Amino acid sequence: MDFYIDTANLEDIKKYNALGVVDGVTTNPSLIAKEGVSLEKRIKEIVEVVNGPISTEVIATDAEGMLEEARKYASWHKNIVVKIPMTVEGMKALKVLSKEGIKVNVTLIFSAGQALIAAKNGAAYVSPFVGRLDDISEDGMALVHEITTIYGNYDFDTKIIVASVRHPRHVVEAAMMGADIATIPSDIMDKLFKHPLTDKGVAAFLADWEKVKNLQ
Ligand code: E4P
């Protein structure tokens, strides 16, 4: 299973990349806005740090506009994956881009039917937003289970990126379901490393070692 980092913060990307847990990066307009930098500048910085797929989202809402942005993003670097929303216009653009060999991550997936349409149209990735479904009292991981089953039934090549991750359990459940990728915000990366019993265990071992370290 691959881990992507779900941020446009360069320091966080460098930090977790150095820890060996960054196979790719996902960004969206909100994450770029948080950083207060231009999209082009930040994406070009990210591709220098991470050697893996970097999702960059279109802003246009019409297929022609999406195609123009997608081709521009793809020209920046070979690892750019263009993120396109799951809309009718998005699917029109996806059909063209997949024929051109530009990889597309279809974002804002909230149903298995949407994931099926995206796969049929040649999406390289789909991003079901599990946390946003949980937020409205639906079951985000149940959606991932449906998509993994459907893609397995028909051998689609489309990869599943579990997105809108809110806690480490989402990542563990995604792995148990065989999702290809989880895209993980920095604070959840931190939580994945930690367990209070690990910290307690280290402290107890050090305290005991203090008692005997000078013995011959
Ligand atoms: C990643 O591809 C998504 O844009 C991101 O995970 C959305 O997360 P959010 O629901 O926390 O905004």
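Above this text is the structure in question.
Summary of the structure given here. (Residues numbered from 1 in each chain as written. Predicted model: local features only at pLDDT ≥ 70, side-chain atom pairs only at ≥ 80, totals over all residues. Heavy atoms only, no water.)

### Comments concerning the layout of surface pockets
The calculated volume of the largest pocket comes to roughly 340 Å³. In terms of lining residues, the largest pocket is bounded by 22 residues, among which D6, N28, L31, K34 and P185 are the most central. For the lining of the largest pocket, a count of residues per class yields six nonpolar, nine polar and seven charged. (1 Å grid on protein atoms, 1.4 Å probe; cavity = no way out; pocket = protein on both sides within 12 Å on 5 of 7 lines; lining within 4 Å. Points joined across faces, edges and corners; volume = space filled by probe spheres on them. Nonpolar A, V, L, I, M, F, W, Y, C, P; charged D, E, K, R; others polar.)

### As for the nonpolar core
With 56 residues, the main nonpolar core has V25, I84, V106, I109, A118, V126 and V162 as its most contacted residues. Discounting residues that sit within four places of it in the chain, V126 has contacts with N105, V106, I109, A115, A118, Y151, T158, K159, I160 and I161. Y4, V81, I161 and I181 belong to the second largest nonpolar core, which has six residues in total. (Core = buried A, V, L, I, M, F, W, Y, C linked by side-chain atoms within 4.5 Å. Buried < 20%, exposed > 50% of the residue type's maximum accessible area, 1.4 Å probe, protein only. Contact = heavy atoms within 4.5 Å.)

### Side note on helix α8 (residues 140-154)
Helical geometry note: an α-helix holds 3.6 residues per turn, so side chains three or four residues apart project in the same direction. Between its first and last C-alpha atoms α8 spans 22 Å; for 15 residues at 1.5 Å apiece the expected length is 21 Å, and the two agree. Taken as a whole, α8 has its buried residues at G140, M141, L143, V144, I147, T148 and Y151. Down the axis of α8, the smallest arc covering the buried residues is 145 degrees, so these residues share one side. Along its buried surface, α8 packs onto β5 (104-109), α6 (112-120), β6 (125-128), α7 (130-135), β7 (159-162) and α9 (168-176). The opening residue of α8, the one whose side-chain oxygen lies 3.3 Å from the backbone nitrogen of M141, is D139. (Helix = DSSP H or I, 4+ residues; strand = E, 2+ residues; numbered from the N terminus. Expected span 1.5 Å × (residues − 1). Arc of directions from axis to C-beta. Polar contact = N/O pair within 3.5 Å; in protein donor to acceptor, adjacent residues only side chain to side chain.)

### Quick notes on the site of the ligand
Around the ligand, the neighbouring residues are D6, T26, N28, K83, F129, R132, A163, S164, R166 and T183. One of the side-chain N or O atoms of D6 is found 2.5 Å from an oxygen atom in the ligand. For the ligand, an oxygen atom lies 2.7 Å from a polar atom in the side chain of R132. The fraction of the free accessible surface of the ligand (340 Å²) that becomes covered by protein chains is 84%. Of the pockets mapped on this structure, the ligand occupies the largest pocket. For the shell around the ligand, the class distribution of residues is two nonpolar, four polar and four charged. (Near = heavy atom within 4 Å. Areas by Shrake-Rupley, 256 points an atom, 1.4 Å probe, with all protein chains shown as cover. Sits in = over half its atoms within 2 Å of the grid points.)

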